Amino acid sequence: MALYILKRLLAMVPTLLGVAVLIFLLLRVIPGDVVEARYLTQGSQFQSQELMDLERKKLGLDQPLWKQFGSWMSGLGRLDFGLSMWTASPITEEIKLRFALSLQVAIMASTIATLLAIPLGILAAVKQDSWVDYAVRVFSIAGLATPSFWLGTLMILAMLIIFKWVPPMVFTPLWVNPWDNLAQLIWPALAVGYRYCAVGTRMMRSTMLEVLREDYIRTARAKGLWLKLILTRHALKNAILPVLTVISMEFAFLLGGLVVTEQVFNLNGLGMLFVEAISHRDYTLTQALVMLVATFFLIVNFVVDIAYAWLDPRIRYR
Amino acid sequence: QSPRYGGELVFPVPSEPPSYDGHREETFGLIHPIAPFYNTLLRVDPNDKSGTKPAPSLAESWSVSQDGKTYTFQLHRGVKFHDGSEMTSKDVKASYDKIIFPPPGVGSTRKGQYVVVESVEAPEPYTVVFRLKHPSGSFIASLLSPYNFIYKADILAKDPHWYETHIMGTGPFTFVEHVKGSHVVGKKNPNYWDKGKPYLDGFRAVFMRDTAAQVAAVRGERAQIQFRGFTPVARNDLEKALGNKITVQESPWDCILLVAINHKKKPFDDPRVRRALTLALDRYEGSKALSRIAIVKEVAGVQVPGTPFATPPDELAKLAGYWRDPEKSRAEARRLLKEAGVPEGFSFTFMNRGIPMPYEPLGVWMIDQWRKVGLNVTQRVIEPAAYFGSLRKGEHEVAMDFQCGYIVEPDLDMYKFLSSSRNPANYGYYEDPVLDQLYDKQSQATNPEERKKIIREFEKRVLDEQAHYLMTLQWHRIIPHSSRLHGWTITPSHYLNNTLDTVWLSP
Amino acid sequence: MATLLEVRNLKTSFLSAAGTVRAVDGVSWDVEAGETVALVGESGCGKSVSALSIMRLVAEPAGRIEGGEILYKGRDLLKLSEEEMRAVRGRDIAMIFQEPMTSLNPVLSIGRQLTEGLEIHMKMNPAQARARAIELLAMVGIPDPERRLAQYPHHFSGGMRQRMMIAMALACNPSLILADEPTTALDVTIQAQILELMRDLARRLGVAMLIITHNLGVVARYADRVNVMYAGRIIERARAGELYANPRHPYTLGLLRSVPRLDEPRRARLDPIEGQPPDLTRLPPGCSFAPRCTYRVERCTESAPPLAALGAEHCSACWEAQRLVRERAA
Amino acid sequence: MTEALLEVHDLVKHFPVGGAMLARSATPVRAVDGVSFTIRRGETLGLVGESGCGKTTTGRCILQLERPTSGRILFEGLDLVTLGEEALRPVRRRVQVIFQDPYSSLNPRMTIGQILAEPLKVHGIVPDRQGRAARVRELLVQVGLLPQHAGRYPHQLSGGQRQRVGIARALAMEPALIVCDEPVSALDVSIQAQIINLLEDLQSRLGLTYLFIAHDLSVVRHISDRVAVMYLGRIVEIADRKTLYEAPVHPYTKALLSAVPIPDPRLEARRERTVLRGEVPSALKPPSGCVFHPRCPIAEARCAAEAPNLREIKSAHWGACHLA
Amino acid sequence: MAAAPQTIEDLARAEARRPRWLAVILDFARQRPLGAVGAAIIVFMALLAAGAGLVAPYDPLANDYAAMLSAPSAAHWLGTDSFGRDLLSRVIFGSRTALMVGLGASLLGATIGSAIGVTSAYFAGRVDLLVQRVMDIFFAFPVIVLALAVVAILGTGAGNVILAIATPMVPRCARVVRSSALAIREMPYVDAARASGFGHARIILRHMLPNVMAPILIMATAFLGEAILLEASLSFLGLGVQEPTAAWGLMLRGAAVEFAESAPWMAIFPGLAISLAVFGFNLFGDSLRDALDPRLRTQ
Ligand SMILES: Nc1ncnc2c1ncn2[C@@H]1O[C@H](COP(=O)(O)OP(=O)(O)OP(=O)(O)O)[C@@H](O)[C@H]1O
Ligand SMILES: Nc1ncnc2c1ncn2[C@@H]1O[C@H](COP(=O)(O)OP(=O)(O)OP(=O)(O)O)[C@@H](O)[C@H]1O
Ligand SMILES: [Mg+2]
Ligand SMILES: [Mg+2]
């Protein structure tokens, strides 16, 4: 088992390396660089090519690509993300608070979603083709169909106009002031949680339907077990795995993909930071963010695999 | 009403400062949260709505020599940096040397603005002397720049980049913290040299990208003001929701979207076609309609309406595209197009920048206007950061351009239109020596009336005869703020008047 | 011997896109206590559905038991409530399924799957149930049963899984086991092991058994009585010896003839039943075997022959049964 | 003696287990572990053995659907193992296959006509369209279907009919050898005989050679001229039909034969059974020595230590048992 | 001979009775009412898009400053936007953009994705391993960065939006198709094709691809809905289709928040249009999956 874990962790390295190469090249293909973004965008009357060249040199952007990549990699090797090209401050510092925020939203949304999705999905599967099933399906498909930025906007407006309530302006970490923190994050968590829940419910329903048709469920019924026991002990454990996958994939996605929701709810999360970093052509920050999200994605994947092995003995010993 | 002490001013800032070095950056994102920590040599009078009146700051007074080439400044005594050391002429010299004569390897954004300066000297601890190469009518205006923070000489000597990542000034507030992605906090500087100020206990600049959230913050009274400006819609909503708890200050805004017509692309090399483009715009109707939904309002020439050198409306109305009769104007546009051999329904691409306000509404408006003279325009929107890079490549046909200043001053405002050999930011890519001559002539004109005349000539050539560039509508700055906020006056620039020393909050 | 289970005129059908499938079309049979009865017939003729109908496990909502009675010790199972029926399943009547690979839950341990029935039906506590589980595994010949309890189905080979299924079926001392093709999926040598085991256990414990298969050889060795099914109906029933010696239905006859046999000299050619088994959604009127039957007369295509007694414990559903007997004797 | 059409020498096929990049090092599944036999032109070789003993893998190696780990496969004197995909193409016409599962061996998206015409077209056997249609009709009739069936899709046919189409497809290529991998196991008892008769008819008419893989010993006896018995990747006994069924030498063959139930209760009641102990071992860790020894009723100490070779016990009767 | 005549007759009869396309549709509608509702929404939307020029009461691009921000009325059923453009007309014309981007992106994504998936499954071994690793990289790569990068490199506009949306779909499609194709590859008919000496291209195109159409179709439908949503999100962020084109996401941009109080209709109707369209595609796609996926078949 330990060997398996080690192997899996090692297998992440080439993928991460691929991600690194991809983002590195991609950024260089995008027109413009951080110097242009800094000096050409403010509508000022004076421009100085000399200054821009100087800045490029300072940032090492005049170096050949392989050298730039090499120094980035050697930094990464030492777990040193370097400095942001835009603000010149350490990237870890840039990311810290935003990561905490995004992570918390992702955790809250997935908690809400999971708690709702599993019972709803089971219910719909067990009552297939009844009105309950239809209601759950319409609810979940509507969740997939509602743009979260629209839903979020409606939520904000409802609070503003009906309750005259405005969310706190800045993100307060949970440990500083739980109340402010929750007051700010619960809404975005709900707005994305709905869609998320819809994804989970659908998956739960369809895998449950599949599992309920399996031979071993028939065996369990032939043994005279109670329906509840069949569902919880025999079916759920088998059906939960794919649900786990989509839930965790969605979770990994939420971490860096909440751009629109963050925009609507005025959250300074990783998603907005992505947009900012790219629009500033802040290569180092964008690269670090991509690596962070990719690593997180792979780790979530890995955790899911471990969970699979834990839930499914067929995979356990390998 | 006499000022009241105390209270924390909270204001959203739509973007976060890239670094803390004012000499290097050029964004309100730096001014709004960072300016309160510093002083400049001179500043624009905080009570002057036109934003053009010089006022003392670190310099108590100044004098100009007869030949207009030597400026001598007397510094305030007893000014202390936040670290307790005293600020002297040495620091002013070091700061301006960094701006004008940066050491090798250190860049300066504004070097180009001070080419006229020959040297900066500090003959005595409280005297600074600027020597110019030749007299300049706009030199004092250039010292009003809100970016020219006075740094400490010792620090600069050790590390010219230190101020990019640190804050240490003489300003009315001292730096407390900057949480990345969240906010900057400043607290009252008890040893501020301008006795009795500041009134506030501190301020909190909160970074909020989303306009709606900024409006909501003011509306929910979590913030008292946003210094950049809100849309007319937001103003109306706020007034409706908050009634007399909100005060609105408005001013023309020293920013404008221009349209660069690439002279290197056919048929835009033909002045008739360019004139048709400007004739097609009904600016007066546009002003009425767009001022309801966008941050633009006045119909303007090359100077912000209402400022000393601006062309009066009636005279402006004589320029092509400013005629009061839109039908006549459009008919002329069609005629010119036909004459130039541009077919009906001719289509071209209009390049716009991917920023919603006010680029998008102006784009929509212009495309609609051009449609009315039989031009079929598709809009190509480029991501903001790549935008000017692509303008510099000159691949566009017609493109939105942008200019914004911290002070209304013809030298600064009209630089944009100089031949591309003189101005790399000329995205029309034309050479017009006549125009360049006119520019230089007005710059050296000492008599304001004469200067006005030359500017008028310049304006007619650039906007009408040659239609090198066309101007859209002047931006319009709208600041609805809490009625509790006092001691702050709107100016045409969102870079100005942000030291916050005069601002106070009533209960 | 007392009749343990009596099925009377059972009808089960399925709704499908192509129409109504009459999977079981009015069959009657019975099992006596301790006896082994076989249900043979080819694929799709309704054997499994018959067994599932008895357990009331026909896949709903597509499948429906449309009529008939299933009397278990005199009680009509079709009239029981779902909860009452649940109590019967596994306790009184147990079932062994064809696919040992898929019929065990892959994520639950062998022990868990064995003990849960005991805990529910026999109200045993976990320790008792565990002891009984060990005993059961030993009984079906799984070595080292204690260690095996903690293992999972995928650790078991096909034969062991089927033994595990048998152990599960035997757990609550049922009086009847329905074994639906218990060995079809297994290897020849393992098949023999399992069948011998089942026979021994049934004898030893006095459990009645319904063996469902399409293998006539298996039936010959293990069944007391045989029901032959064709297209949802029973077309012949007899004691095993009698059936093989004197088949009284052309289908049974054809079946016996068409398979090559090791005990007989190799024939130059096999004697197949020509034609295809019928489509259950569109059964011809009359005898469903008629289109393939060499004894066919006009009457066969008009009305379906009833299952009529032809002698002691021998019934056949053929209008021409007598002629068949005569011609075979000739 | 007629010439050998196919010679298999020391065929070995190992499958790596795991599959992930890093897991390659584990011990492989030894699906086929040194199999040799010969099939003469026009004869049928039956291959029996229990599930997982490597019958299918042997067949697939002959068809070059799997590339053997080692060994030689001589078809008409040509070693297929050495040939590249291009060079194999003409050979593929001559070696065809019929699969066990009639449901999945036909492409559900093609009509029967298309399925049968495709090889004719690709290999240029019948270049023109009309000619192909005629040939398809001919093939259909040959396997006992009607020409109209050409327009049908596989799902519109019954299992037996589909298996006939499978046979027709093999015939379309005019092969010399057909590998029949359990061609009747999935069919109903009453249909099996139809297909077996058809295969026999075709063989006598077209001079085909069959490798007939099955686990049903009675069927194998019926159709084969010679029979090979496989156990765990190896051939344990090979002989002509009569000898093998009447005088088997290998204990495994004996056990297999005794395990086959006979549809006659009276006989069954009298019959002695050799019920083997234990389970079929896994090809991942085959037992030492004679792979059959853990289940063998007559095994001795020697059997666990030393693997017996396949030797000619009597003339043309080969067995792999120390004690035979 | 073997095939008795009555079987053939049977088949002939069965063929004669085979349901025609109308019957198939009715059948689907009867068995899957939700799917039918979805299909109806899609058809309605397609008709609107096709006949937009005929149905729309106004020119969707015509600014009318006299009618700026007017509330729904008889003249403008859904009201007007901040340029006085008729919202109903813009919503109707917006369906064109939505369908075009949706269809374009899902076709592109599904085509490339399935080509990669099937080929990778067919060749298996090293090729498959390599393709999988590359797909892993794309999976781990944040979607938003991909989309941002595509737009930043190529600029905005419908064509590039299609590309931006299709790009992240490719690896997802490839993964799903690959897993189905792996099963298909093990099918004896593929072996039969290989044994018949057919070329790789023929086997992939004729024998494997048609048999993974079901998952591809299901996925393409799901993608369609998702693409419409993504298009709206990108437009909302200013990275999508550009003014003055009528597009739903674009109509929400700014308007959703800025005018939500003074002119709520501007935000409500395009939002509803998006939801309804995506809802329709998902309903239909779901039912399609139920209908096509034999494992989920109820009857
Ligand atoms: N869930 C179902 N839906 C529709 N038809 C069904 C269903 N289950 C069984 N059938 C049909 O009922 C008929 C009888 O099926 P059954 O499973 O009883 O056959 P069987 O005799 O057990 O065959 P086998 O030997 O293949 O197991 C078949 O024609 C089958 O198609
Ligand atoms: N592609 C493969 N990868 C790994 N192992 C394989 C593969 N194909 C076959 N095997 C293994 O090789 C061994 C022989 O398999 P094969 O299919 O040849 O057996 P068989 O005799 O045909 O069995 P059956 O009677 O079940 O068809 C088995 O243990 C099987 O698990
Ligand atoms: Mg069955
Ligand atoms: Mg096989």
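Above this note sits the structure.
Note that the coordinates shown come from a computational prediction; the quantities given were computed from them, not determined experimentally. (Residues numbered from 1 in each chain as written. Chains lettered and ligands numbered in written order. Predicted model: local features only at pLDDT ≥ 70, side-chain atom pairs only at ≥ 80, totals over all residues. Heavy atoms only, no water.)

J.: An account of the interface of chain D and chain C is needed here, citing residue identities and associated values.
T.: Counting residues at the interface gives 46 residues for chain D, matched by 47 residues for chain C. With both sides pooled, the region where chain D packs onto chain C buries about 3,800 Å², and carbon together with sulfur makes up 58% of that total. Applying the counting rule to chain D against chain C returns four salt bridges. Among the salt bridges present, the one from D264(D) reaches R261(C), with a minimum N-O distance of 3.6 Å. On inspection of chain D and its partner chain C, the count reaches 19 residue pairs in polar contact (both at pLDDT 80 or more). The set of elements that each furnish at least two residues to the side of chain D that touches chain C consists of α5 (159–172), α6 (189–206), α7 (217–223), α8 (241–246), α9 (251–259) and α10 (265–270) of chain D. With nine residues, α6(D) is the single largest residue contributor to the side of chain D that touches chain C. Across the side of chain D that touches chain C, the residue classes break down as 21 nonpolar, 11 polar and 14 charged. (Contact = heavy atoms within 4.5 Å. Buried area = accessible area lost by both parts, 1.4 Å probe. Salt bridge = Lys/Arg side-chain N within 4 Å of Asp/Glu carboxyl O. Polar contact = N/O pair within 3.5 Å; in protein donor to acceptor, adjacent residues only side chain to side chain. Helix = DSSP H or I, 4+ residues; strand = E, 2+ residues; numbered from the N terminus. Nonpolar A, V, L, I, M, F, W, Y, C, P; charged D, E, K, R; others polar.)

J.: Help me get a handle on the sheet that holds strand β7 (residues 176–180) of chain C, residues and values and all.
T.: Residues and elements named next belong to chain C. Judged by pairing direction, the sheet is mixed, and its eight strands sit side by side in the order β6-β7-β8-β3-β9-β10-β12-β11 without closing on themselves. Of all the strands in the sheet, the pair left with one neighbour each is β6 (93–96) and β11 (308–311). Going from strand to strand, the sheet's axes swing by 20° on average, the running direction of each strand aside. With five bridges connecting them, β7 and strand β8 (residues 208–213) associate as parallel partners. Residue pairing for β8: A179 is matched across the bridge by I211. Taken strand by strand, helix α1 (residues 47–55) contacts β3 (36–40), β6, β7, β8 and β9 (225–230), and its axis lies near 145° from that of β6. (Pairing = 2+ DSSP bridges. Axes fitted to C-alpha atoms, helices over the stretch in contact; angles between N-to-C directions.)

J.: Kindly report on the pattern of salt bridges, identifying the contributing residues and their values.
T.: Opposite charge on two side chains makes pairing possible when the charged atoms of those side chains draw close. Counted under the stated rule, the structure contains 106 salt bridges over all chains. A salt bridge links E181(C) to K47(C), with the shortest nitrogen-to-oxygen separation between them at 3.9 Å. Here E181(C) is found in the loop between β7 and α7 (188–205), whereas its partner K47(C) is found in helix α1, with 134 residues between them in sequence. Among the ionic pairs, R133(E) bridges to D136(E), the shortest N-O distance being 3.3 Å. Separated by three residues within a single helix, R133(E) and D136(E) lie in helix α6 (residues 125–140), roughly one turn from each other. Where salt bridges share partners, they join R38(A), E55(A), K58(A), R24(B), E25(B) and E164(B) into one cluster.

J.: Just give me the short version of the nonpolar core, but keep the residues and values in it.
T.: Counting 337 residues, the largest nonpolar core has L9(B), Y96(B), F130(B), W370(B) and F417(B) as its most contacted members. Here this core takes 15 residues from helix α13 (residues 283–311) of chain A, the largest share from any one element. Three or more residues apiece are contributed to this core by two domains, here domain 1 (2–91) and domain 2 (96–311) of chain A. Once residues within four sequence positions are removed from consideration, W370(B) is found in contact with V259(B), L277(B), A280(B), L281(B), F348(B), F350(B), L375(B), V377(B) and V398(B). Residues A222(A), V24(C), L170(C) and I194(C) belong to the second largest nonpolar core, which totals 110 residues. (Core = buried A, V, L, I, M, F, W, Y, C linked by side-chain atoms within 4.5 Å. Buried < 20%, exposed > 50% of the residue type's maximum accessible area, 1.4 Å probe, protein only. Domains from an automatic or database assignment.)

J.: A description of the site of ligand 1 should follow, citing residues and the corresponding values.
T.: All names here are of chain C. Every one of the 13 residues lining ligand 1 counts as a neighbour, but S43, G44, S48, V49 and E181 are closest to it. A distance of 3.1 Å is found between an oxygen atom of ligand 1 and a backbone nitrogen or oxygen belonging to G46. In the model, an oxygen atom of ligand 1 is placed 2.5 Å from a nitrogen or oxygen of the S48 side chain. Here ligand 1 has 630 Å² of accessible area as a free molecule, and 68% of this is covered by the chains. Elements with a contribution of two residues or more to the shell around ligand 1: β2 (19–32) and α1. With three residues, the single largest contributor to the shell around ligand 1 is α1. In terms of residue class, the shell around ligand 1 is made up of six nonpolar, four polar and three charged. (Near = heavy atom within 4 Å. Areas by Shrake-Rupley, 256 points an atom, 1.4 Å probe, with all protein chains shown as cover.)

Everything listed here is a matter of geometry and, on its own, says nothing about what the molecule does.
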